[in-house]
Amino acid sequence: MRQAGRALPEYRAIREKHGFMEMLSTPELIVEVSLQPWRRFKMDAVIVFSDILLIPWKMGMDLKFIEGQGPKFSKLIETEKDVESLQSITPEKDCPFLLTALRQLRKEIRNNAALLGFAGSPWTVASYMLSGVILSPELVEGRRISGSFADAQDDTVDTVKILLEKLTQQTIVYLKAQIEAGVDAVQIFDSWGGSLSAEEYAVWSAPYIKEVVAALKPTGVPTILYIKDSRHLLDQMVSTGVDVISVGWETPLELARKKRCAIQGNLDPHILMQATPDEVREKTQNMLNEMKNYPGYIANLGHGVLPKTPLENIAAFVETVKRCHCEEPQATKQSK
Ligand code: CP3
């Protein structure tokens, strides 16, 4: 998930001096901002500071960061010609800053934490390229694109499919390069995938993720798939062949458990933003109790850390999870 965001004062201090796009493409800044949450909270994993829109940016789309909104493309993909004009990326040439940063992060972290690389899913990234959905809580735009397919001309459908296939190939080379640079696992963010029905997902998102996962399998590096509104898509997630399914907070872990697949998630980040540290500890402990004895569980939030989240609540979450590794929950002790 997004670890750094705007919650940390040390992140904001750097952001005051540097633009987001500059930060994305400067190895020293990537390393520093990636390490900030880890230095403070000592999570078990460090996710590299980057963005899912790096691929389309490097494929030739002009990307700008609009303060208060987020990253935006100056011009969206509208025609077949726009799709054709997208260039293939060579990670060593087009994003050396990211690979240099990953190699440096690997050295600094050594084996004291897992290093995570990531990319957006073809569907989620295509949604941004086609409709510019950014910060759309209802995820409506993603739905609109797919909804319009029913009436769309066949060639529109074909064009989007060509785009998805292009993105799939780019994602594969991009993630392979991150793996070569030393990441321990890669996360695929299909954040907006949940705006699709299970049937739509099987057509517009799952096949492309499946292709990415299959291409990465020989590397032996685990893959994690995140979908925010994942409740109706759990079977689809498993069928992509990923090693871990990462679910949003609306998805009961009880449902996810039935899939017999490694699970990551899913405390509601709003709890971290609004509750007291004691309440955070309690809710986190409840989540851990629910997943006790489940083989292959990664405690995490159900989405990224929200800006304005009190730092003591992030600390309360991490401490509760870490303590759980060494201490048995209270109930078990008493029952002995
Ligand atoms: O915290 C980290 O540094 C981890 C790296 C990371 C970022 N983006 C940096 C970032 C990761 C894993 C992402 C993924 C990402 N980016 C996703 C998928 C995950 C998710 O949250 O669903 C998406 C949809 C994006 C696109 C994006 N980037 C949006 C919509 C925004 C603006 C809204 C927001 O929440 O900030 C960003 C900006 C962004 N990406 C920030 C960071 C740290 C905040 C930048 C700032 O305001 O300084």
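The rules behind each value
Residues numbered from 1 in each chain as written. Predicted model: local features only at pLDDT ≥ 70, side-chain atom pairs only at ≥ 80, totals over all residues. Heavy atoms only, no water. Core = buried A, V, L, I, M, F, W, Y, C linked by side-chain atoms within 4.5 Å. Buried < 20%, exposed > 50% of the residue type's maximum accessible area, 1.4 Å probe, protein only. Helix = DSSP H or I, 4+ residues; strand = E, 2+ residues; numbered from the N terminus. Near = heavy atom within 4 Å. Polar contact = N/O pair within 3.5 Å; in protein donor to acceptor, adjacent residues only side chain to side chain. Areas by Shrake-Rupley, 256 points an atom, 1.4 Å probe, with all protein chains shown as cover. Nonpolar A, V, L, I, M, F, W, Y, C, P; charged D, E, K, R; others polar. Arc of directions from axis to C-beta. Axes fitted to C-alpha atoms, helices over the stretch in contact; angles between N-to-C directions. Parallel < 35°, antiparallel > 145°, perpendicular 65-115°, else oblique. Left-handed = near helix turned anticlockwise from the far one by under 90°. Contact = heavy atoms within 4.5 Å. Phe/Tyr/Trp six-rings, centres within 6.5 Å; stacked < 30°, edge-to-face > 60°. Lys NZ or Arg CZ within 6 Å of the ring centre and 35° of its normal. Pairing = 2+ DSSP bridges.

**Student:** Would you take a moment to explain the nonpolar core for this structure?
**Tutor:** Soluble globular proteins: nonpolar side chains tend toward being buried together. In terms of nonpolar packing, the biggest core is built from 113 residues, with Met129, Ile314 and Phe317 touching the most fellow members. By residue number, the principal contributor to this core is helix H10 (residues 154-180), which donates ten residues.

**Student:** Honestly, the site of the ligand in this entry has me stumped. Any pointers?
**Tutor:** Around the ligand lies a shell of 25 residues, among which Arg2, Tyr11, Arg15, Asp51 and Ser191 are the nearest. Between the ligand and the protein, one listed contact pairs a nitrogen atom with a side-chain N or O atom of aspartate 51 at 2.7 Å. A distance of 2.7 Å separates an oxygen atom of the ligand from a polar atom in the side chain of histidine 303. Protein chains shield 95% of the accessible area of the ligand, which is 860 Å² for the free molecule. Listed by contribution, the elements that provide at least two residues to the shell around the ligand are helix H1 (9-17) and strand E3 (70-73). By residue class, the composition of the shell around the ligand is 14 nonpolar, seven polar and four charged.

**Student:** Just to check I follow, could you spell out helix H12 (residues 206-216) for this structure?
**Tutor:** When we look at burial in H12, the residues that qualify are Ala206, Tyr208, Ile209, Val212, Val213 and Leu216. The arc that holds every buried residue of H12, seen down its axis, measures 165 degrees, which confines them to one face.

**Student:** How should the packing of helix H3 (residues 27-41) against helix H7 (residues 96-109) be read in this particular structure?
**Tutor:** The packing of two helices is summarised by the inter-axis angle and the distance between the axes. At their nearest, the axes of H3 and H7 sit 8 Å apart, and the two run at 40 degrees to each other. Taken together, the axes of H3 and H7 lie oblique to each other. The way H3 lies across H7 gives a crossing that is right-handed. Residues Pro27, Ile30, Val31, Ser34, Leu35 and Trp38 of H3 lie in contact with H7, whose contacting residues are Phe97, Leu98, Thr100, Ala101, Gln104, Leu105, Glu108 and Ile109.

**Student:** I'm lost on the packing of aromatic side chains in this one. Help?
**Tutor:** Between two aromatic rings, the relevant description is the distance of the centres plus the angle of the planes. In this structure the tally under the stated criterion is six aromatic pairs. Ring centres of phenylalanine 118 and phenylalanine 189 lie 5.5 Å apart, and the angle between their planes is 90 degrees; on these two criteria the pair is classed as edge-to-face. Here phenylalanine 118, found in strand E4 (residues 114-120), pairs with phenylalanine 189, found in strand E5 (residues 185-189); they are 71 residues apart in sequence, far enough to count as distant. Residue phenylalanine 118 shares its accessibility class with phenylalanine 189, and that shared class is buried. Chaining the aromatic ring pairs together yields one cluster made of Tyr11, Phe20, Phe49 and Phe65. The ring of tryptophan 38 has lysine 42 lying over it, and the distance from NZ or CZ to the ring centre is 4.3 Å. Cation over ring: lysine 161 sits above tryptophan 204, and NZ or CZ is 4.8 Å from the ring centre.

**Student:** Looking at this model, I keep getting lost on the packing of H1 against H3. Mind explaining?
**Tutor:** Look at H1 against H3: their axes get within 9 Å of each other, and the N-to-C directions meet at 160 degrees. In this view, H1 runs roughly antiparallel relative to H3, as classed from their interaxial angle. As for the relative orientation of H1 and H3, their crossing is right-handed in sense. Counting all contacts with H1, which are made through Pro9, Glu10, Tyr11 and Ile14, the residues of H3 involved are Leu29, Glu32, Val33, Gln36 and Arg40. Each residue belonging to the contact of H1 with H3 can be placed in one class, and the counts come to five nonpolar, one polar and three charged.

**Student:** I'm lost on the pairing of E4 in this one. Help?
**Tutor:** Within a regular beta strand, the side chains point alternately toward one face of the sheet and then the other, so they alternate between its two faces. The buried fraction of E4 is high, at six of seven residues. Two strands pair when backbone bridges link them, and strand E1 (residues 45-47) and E4 are joined in this way by three bridges, in the parallel orientation. The residue of E4 that forms the bridge with alanine 45 is alanine 114. Bridge analysis of E4 against E5 gives five bridges, and the strand direction is parallel. If you follow alanine 119 over to E5, its bridge partner there is isoleucine 188.

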